[in-house]
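One letter stands for each residue in the lines below.
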Amino acid sequence: MKKSVFLGTLAVAGTAAGFAAADAHSSGTLAQIQERGTLNCGVSTGLTGFSAPDANGEWQGFDVAVCRAVAAAILDDPSAVEFVPTTGQTRFTALSSSEIDMLARNTTWTFSRDVDLAFEFAGVNYYDGQGFMVPRELGVSSALELDGATVCIQTGTTTELNLADYFSSNNMSYEPVPIETNAEAQQQYLAGACDVYTTDASGLAATRATFEDPSAHVLLPEIISKEPLGPLVRHGDNEFGDIVRWTLNALVAAEELGVTSANVGEIGNTTENPEIRRLLGTEGELGAMLGLDADWAARAIAAVGNYGEVFDGNIGESTPIGLARGLNAQWTDGGLLYAPPFR
Amino acid sequence: MATLSDPPAESFRLSQLIYDTRYRSLTIQVIVFILIMLGLWELVSNAIQNLSALGKDFDFSFLGNRAGYDINQRLIEYSNDSTHGRAAVVGILNTLLVAFLGCVTATILGVIAGVLRLSNNWIVGRLMTVYVEGFRNIPLLLWIIVIFAIMTEGMPQPRDFRGDEPEASMILGDSVAVTNRGVYIPNLVFTRSLGGNEMSEAADGVEAAIVPSVSGADWTLILVVLALGIAASIFIGRWGAAKQERTGVRPPGLFWMRAGAIVIPVAIVLIVLGATLDYPELTGFNFSGGVHLRNALIALWFALSLYTGAFIAEIVRAGILSVSKGQTEASAALGMRPSWTMNLVILPQALRVIIPPLISQYLNLTKNSSLALAVGYMDVRSTLGGITINQTGRELEGMLLLGGFYLITSLVISAVMNVYNNSVKLQER
């Protein structure tokens, strides 16, 4: 008798849980964020310069800036972000299960992730490629000399697949050491448990910057893949997808148009350039089309600065990570950054 | 004269379903059954609906696609051109390997520690107490990581072995190398391998020679011969026991006959195959040749064995304590040595108490091997349940397969152990 009652309760509870889960998907992400008052943003578990908590526990970095810009555009508060650290393996599940609203975690835009995993990439915030790092004392100067090496590799990433392709197409063998996070890889690499660490070149530079003696490690010249990294959202919620895409575009366009976090306050009213006026909401209805206030882009730029400021402040040549703009320069400077027109 | 009339036929009323205790339990069960079915249906249809909302279908065909990633420890042929299905099989074999090694080592450790904890020697007894309590009360994951960290941080790198005056050297007559990438031990190879041998290239003044190699067929043959030898040994043992019961005299040299039945056929096979040892050698970045026991395997194996061994030690201790003290005193009165008392009187009786909880420990160990993830051991959780799911986005299908695998493995282990349990449990007549 007791058991029957228990089972009955269980069945009812199960049914209720089922209904609750079904409800979560019915309303839009934007409405949920506005109602919650915070943006749940998935970031990496810690990659200096891209996303890592600083000494005060505040998340800082290049990817973090995207989260803050979106939060500023939607909620008018760049600190209204709940950062959720994800690993290479957990990130997609976290996003598709709605644990996070968006993912800004040096994730490569690939066909199958866009189409088969049913995500939507909002654009590219960093054009990257996979590289190799080895200790200088090993005397290796090219990736083609790595036959038989032990390679530390983050599992569940595109780099894992590129590595397998690169070594087999060059007829070389290697011993993969699978690891979960960048911190673990760093520790294994420094202990000499692997000869080589491979990941995106930007990640290698960021990791090397945290070493005691960065000059004892060399990045090999070979870049073996294209890794366009960018923020992504779930398929099917185009309203929210548009906001993330155009927030990123606003940061890029702001740099091209000369809008900075310093002048964003008054330039909208003083400038004669109609594109700047539309971007900053002093002319036209762009904000309303997104379902946001007119000054959404101005808020995002004021919060984190334009793309150039974000780059220089977190990973640029004046920081310990010291990445050159390279492909990530504006199209007007010979790079690939190109924001579609704001009109 | 009293007339007997039939009792009035009881008419069934609907309210009896609730108020009549004869029907009430049935009613409740039917209602609960319907509710459970509704709940299940709701869960399944909810899953289907959510999948379609996400634009995903339910499809296992990803198992036939090219995996594209490499696995370092593989017991069968596998490359990044193989399928996800094969990657899952490689992972399954790795899981079974570490579970098997762990169960064997944990049992040996557990029995020794359990017996020694009851020792009259104060130091030995306390040492075992420290071991058992230390491992039982600290999470397994910590032990795995501790052992892995010791192996990675504490051992020399392969390049330390290089040069005229190397910082590190190989042990056991230059045959075993302990490095921070794992332990390299000699491998058994055959000059007349069943898989076929290649010839080395002839050079000036050097004749072409047979390159020793090893194939799966060689090991299958050895294992089959070994199994037959063990069967023969058991048969000889039974024959000896029967003869002893009949005549009262134990056949002389029984132990040597049993040992010979196992060792001699295997030795003959090894000689016929031309067995030699392949020693690990430092070439290029790493050691090559020999067998590479990776740190991840060692850490997982040791941690699982030590952790589960501590639990088994408690089970063994409880089993021994369950045997009445009078049994010990009686065997002492017969003039038996303490070691005979333990092996012939106490342990056989204790086994009846020990086996059932031991099954649970084997199941625990097997399932705990999924903590392999922490040290990058490529078990089925890491291949099928990790990389494959991540690269294909088939979480639901992958997790169902993974759950199915652990379920089947657990059921098989417990079925096999129950057969053994039936053979040692108290025979009631």
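Remember, predicted model here, so these are calculated numbers, not experimental data. (Residues numbered from 1 in each chain as written. Chains lettered and ligands numbered in written order. Predicted model: local features only at pLDDT ≥ 70, side-chain atom pairs only at ≥ 80, totals over all residues. Heavy atoms only, no water.)

1. Things to note about the sheet that holds strand 2 (residues 182-185) of chain B
All names here are of chain B. To be explicit about the condition: Pairing between strands requires that DSSP locate at least two bridges from one strand to the other. Numbering goes from the N terminus for both helices and strands, where a helix is a DSSP run of H or I of at least four residues and a strand is a run of E of at least two. Under this scheme, a helix contributes an axis fitted over its contacting stretch, all axes are lines through C-alpha atoms, and angles between N-to-C directions fall in the 0 to 180 degree range. Residues are treated as being in contact if the distance between any of their heavy atoms lies within 4.5 Å.
Strand order in the open sheet formed by 3 strands is 1-2-9, with antiparallel pairing between adjacent strands. The outermost strands of the open sheet, each flanked by one partner alone, are strand 1 (177-179) and strand 9 (291-294). Pairs of neighbouring strands in the sheet enclose a mean axial angle of 15°, with direction left out of account. In terms of strand pairing, strand 1 meets strand 2 through 3 bridges, oriented antiparallel. Looking at the pairing, Thr179 lines up with Gly182 of strand 2. Sitting on the sheet, helix 8 (residues 295-322) is in contact with strand 1, strand 2 and strand 9, with an inclination near 60° to strand 9.

2. Some thoughts on the state of the cysteines
All names here are of chain A. Spelled out, the test is: Only a pair of cysteine sulfur atoms within 2.5 Å qualifies as a disulfide here. Here the term buried applies to any residue with accessible area under 20% of the maximum for its type, exposed to any over 50%, and partly exposed to those in between, with areas from a 1.4 Å probe on protein chains only.
Following the criterion strictly, the structure yields 2 disulfides over all chains and no others. Between the sulfur atoms of Cys41 and its disulfide partner Cys67 the distance amounts to 2.0 Å. The sign of the -60° torsion about the S-S bond sets the Cys41-Cys67 disulfide as left-handed. Separated by 26 residues along the polypeptide, Cys41 in strand 1 (residues 39-44) and Cys67 in helix 3 (residues 62-75) bring together distant segments of the chain. Here Cys152 connects covalently by a disulfide to Cys194, the sulfurs 2.0 Å from one another. Across the S-S bond linking Cys152 and Cys194, the dihedral sits near -100°, which makes this disulfide left-handed. Of this pair, Cys152 sits in strand 9 (residues 149-154) while Cys194 sits in the loop between helix 7 (182-190) and strand 11 (196-200), and the two are 42 residues apart along the sequence. Under the relative-accessibility criterion, Cys194 is labelled buried at 1%.

3. Describing the nonpolar core
Which entries qualify depends on this criterion: By convention a nonpolar core is built from buried Ala, Val, Leu, Ile, Met, Phe, Trp, Tyr and Cys residues, the set being connected through side-chain atoms within 4.5 Å.
Of all hydrophobic cores here, the largest spans 63 residues; its most connected members are A:Ile74, A:Met102, A:Phe240 and A:Leu280. When residues of this core are assigned to their parent elements, the largest contribution, 11 residues, is made by helix 3 of chain A. If we ignore the near neighbours within four places in the chain, the residues touching A:Phe240 are A:Thr29, A:Leu30, A:Ile33, A:Leu39, A:Val70, A:Ile74, A:Asp101, A:Met102 and A:Val233. Counting 43 residues, the second-largest nonpolar core is a separate cluster that includes B:Cys103, B:Trp143, B:Ile144 and B:Leu363.

4. Some thoughts on the packing of aromatic side chains
Residues and elements named next belong to chain A. Spelled out, the test is: Between 30 and 60 degrees the pair is tilted, below 30 it is stacked and above 60 it is edge-to-face, where a pair is any two Phe, Tyr or Trp rings, Trp via its six-membered ring, whose centres lie within 6.5 Å.
Enumeration according to the criterion identifies 24 aromatic pairs over all chains in this entry. When the ring of Tyr307 is compared with that of Phe311, the centres are 6.2 Å apart and the planes differ by 35°; the resulting orientation is tilted. Of this pair, Tyr307 and Phe311 both sit in helix 14 (residues 307-314), 4 residues apart, roughly one helical turn. Phe311 carries the same exposure label as Tyr307, and that label is buried. Through a chain of ring-to-ring contacts, the aromatic side chains of Phe50, Phe62, Tyr126, Tyr307 and Phe311 assemble into a single cluster.

5. Focus: the UniProt feature "domain: Solute-binding protein family 3/N-terminal" (unreviewed entry) in chain A
Applied cut-off: UniProt positions are given in the numbering used here, feature names are shortened, and annotations may be inferred rather than shown by experiment.
The sites that carry the UniProt feature "domain: Solute-binding protein family 3/N-terminal" (unreviewed entry) are, in the present numbering, residues 38-267 of chain A. Between the end C-alpha atoms of residues 38-267 of chain A the distance is 29 Å, and the span holds 34% helix and 24% strand.

6. Describing the UniProt feature "transmembrane region" (unreviewed entry) in chain B
Residue and element names in this part refer to chain B. Taking the UniProt record as the reference, the feature "transmembrane region" (unreviewed entry) is found at residues 23-41, 87-116, 128-151, 219-241, 253-277, 297-320 and 399-420. Across residues 23-41 one finds 100% helix and 0% strand; the C-alpha atoms that close the span lie 27 Å apart. Segment residues 253-277 splits into 80% helix and 12% strand. End C-alpha atoms: 33 Å apart.

7. Looking at the packing of helix 3 of chain A against helix 13 (residues 296-304) of chain A
Residue and element names in this part refer to chain A. Heads up, the rule is: Between 65 and 115 degrees an angle is taken as roughly perpendicular, under 35 as roughly parallel, over 145 as roughly antiparallel, and anywhere else as oblique. Definitions for this section: a left-handed crossing has its near helix turned counterclockwise from the far helix by less than a right angle. A right-handed crossing has that turn clockwise. Residues were grouped as follows: Ala, Val, Leu, Ile, Met, Phe, Trp, Tyr, Cys and Pro as nonpolar; Asp, Glu, Lys and Arg as charged; and all remaining residues, including Gly, as polar.
Interaxial distance between helix 3 and helix 13 falls to 7 Å at its minimum, and their mutual angle equals 140°. If you check the angle between helix 3 and helix 13, you find them oblique. Note on packing geometry: the crossing formed by helix 3 with helix 13 is right-handed. For the pair formed by helix 3 and helix 13, the contact residues are Ala65, Arg68, Ala69, Ala72, Ala73 and Ile74 on the first element and Trp296, Arg299, Ala300, Ala303 and Val304 on the second. Per-class residue counts for the contact of helix 3 with helix 13 are 9 nonpolar, no polar and 2 charged.

8. A few points about helix 6 (residues 158-169) of chain A
All names here are of chain A. The line we're drawing: How far a helix is expected to stretch is found by multiplying one less than its residue total by 1.5 Å.
Its 12 residues place the ends of helix 6 16 Å apart at the C-alpha level, agreeing with the 16 Å of an ideal helix rising 1.5 Å per residue. Among the residues of helix 6, those classed as buried are Thr158, Thr159, Glu160, Asn162, Leu163, Ala164, Tyr166 and Phe167. Where helix 6 ends, the next residue or the one after it, Asn171, has phi of about 60°, a positive value.

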